[in-house]
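# Inside the fold
The primary structure of each chain is shown beneath.
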Amino acid sequence: MGGSDAPPTAEAWRASATTMNFKSRRTCALGTKGMVACSQSLATAAGLEILRKGGSAADAAVAVTACLNVCEPTSTGIGGDAFCLYFDAAAKKVSAVRGGGRSPAALTLDLVRSRGHAGLEITPSTDALCAVVPGAPAAWEDVVARFGSGKLTLADVLAPAIELAESGPPIGPVARQGNLRRLQAAYLVFWVSAIRGRHRNHAIAVCALRRRRRRLGRALVSIAAAAAKRRRDDFA
């Protein structure tokens, strides 16, 4: 569309081929003190718990994200990046946190050139040199520090996720489907073998099966401890 074209009207959108009529028997969710929504009920419960403890929407959002790392690791996690848009209702202001990871310290231009890459980009983008240092943990810390209630530390916010990782949440249908898609896309041979019960390392996740993620729990504890140390150093 050209720059002078007017945006399509609501009627035009409804009449377009991309419109899909969806009739649901579910009623609208209503709340008077707060609301949390995500794809995993246990993560939603964690967000509500943080709100009940006096946390802000930002605190609850980080708690939910951390729990999704445990309940639905195919969608989010400490090994990736994170971005946040935060609206301050009182100030009528939108702030952003960019949690995109940086290049590793040892990734120098000389190293890139020695691997045969020329120009301004590393190609293909699937090259291992394109991997960045995960930015999600730092983004979580910044969101709680900048937009949190001040009543809860990062350790408090991550506590529900740590507890879930230690106890082992039941695998939900969304996480199971994500597991299936990833295995099918990246490990087709192992995926078929797992279905036949021949490959233990790539077993298909079964709904309602509880799986502990203690290493992830320890990682979350370390993230919270590092944030607390930085906060003590800032006040020292």
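Details of the structure are given in the entry above.
Predicted model, so just to flag it, every value in this text is computed and none were measured.

Another point: the pairing of strand 1 (residues 82-88). Sheet analysis places strand 1 next to strand 2 (residues 93-99), joined by seven bridges and oriented antiparallel. Note on strand 2: the bridge partner recorded for L85 is A96. Hairpin connection from strand 1 to strand 2: four residues lie between these consecutive antiparallel strands, with K92 at a positive phi of about 55°.

Under the defined criterion, the tally for this structure stands at two salt bridges. E49 is paired through a salt bridge with K53; the nearest N and O atoms lie 3.1 Å apart. Here R230 makes a salt bridge to E141, at a shortest N to O gap of 2.6 Å. In this pair, R230 is assigned in helix 9 (residues 214-235) and E141 in helix 5 (residues 136-147), connecting sequence segments 89 residues apart. With a relative accessible area of 42%, R230 lands in the partly exposed category. For E141, a relative accessible area of 18% gives the class buried.

This part takes up helix 5. Taking 1.5 Å of rise per residue, twelve residues should cover 16 Å, and helix 5 covers 16 Å from first to last C-alpha, within 8% of that figure. Residues of helix 5 that are buried include every one of A136, P137, A139, W140, E141, V143, V144 and F147, and no others.

The full count for this structure, using the stated rule, is one aromatic pair. Measuring from ring centre to ring centre gives 4.3 Å for Y86 and F147, while their planes differ by 15°; the resulting arrangement is stacked. With Y86 in strand 1 and F147 in helix 5, the pair connects residues that are 61 residues apart, well separated along the chain.

Of note, W140 is situated in helix 5. Setting aside its immediate chain neighbours within four residues, W140 contacts V62, T65, A66, N69, I78, A82, L154, L158 and L220.

Now for the packing of helix 3 (residues 57-71) against helix 6 (residues 154-167). Following both chains from N to C, one finds helix 3 and helix 6 inclined at 20°, their axes separated by 9 Å at the closest point. Judged on the interaxial angle alone, helix 6 and helix 3 are roughly parallel. As helix 3 runs across helix 6, the sense of the crossing is right-handed. Across from D59, V62, A63, A66, C67, V70 and C71 in helix 3, the residues of helix 6 making contact are L154, V157, L158, P160, A161, L164 and A165. Here the residues of the contact of helix 3 with helix 6 are counted per class, giving 13 nonpolar, no polar and one charged.

Attention shifts here to the packing of helix 3 against helix 5. Angle between the axes and distance between the axes: these two values describe a pair of packed helices. In contact at an axis separation of 8 Å, helix 3 and helix 5 are set at 160° when each is read in the N-to-C sense. The orientation of helix 3 relative to helix 5 falls into the category roughly antiparallel. Between helix 3 and helix 5 the crossing geometry is left-handed. For the pair helix 3 and helix 5, contact is made by A58, D59, V62, T65, A66 and N69 and by W140, V143, V144 and F147, respectively. Looking at side-chain class alone, the contact of helix 3 with helix 5 contains seven nonpolar, two polar and one charged residues.

The rules behind these values
Residues numbered from 1 in each chain as written. Predicted model: local features only at pLDDT ≥ 70, side-chain atom pairs only at ≥ 80, totals over all residues. Heavy atoms only, no water. Pairing = 2+ DSSP bridges. Helix = DSSP H or I, 4+ residues; strand = E, 2+ residues; numbered from the N terminus. Salt bridge = Lys/Arg side-chain N within 4 Å of Asp/Glu carboxyl O. Buried < 20%, exposed > 50% of the residue type's maximum accessible area, 1.4 Å probe, protein only. Expected span 1.5 Å × (residues − 1). Phe/Tyr/Trp six-rings, centres within 6.5 Å; stacked < 30°, edge-to-face > 60°. Contact = heavy atoms within 4.5 Å. Axes fitted to C-alpha atoms, helices over the stretch in contact; angles between N-to-C directions. Parallel < 35°, antiparallel > 145°, perpendicular 65-115°, else oblique. Left-handed = near helix turned anticlockwise from the far one by under 90°. Nonpolar A, V, L, I, M, F, W, Y, C, P; charged D, E, K, R; others polar.

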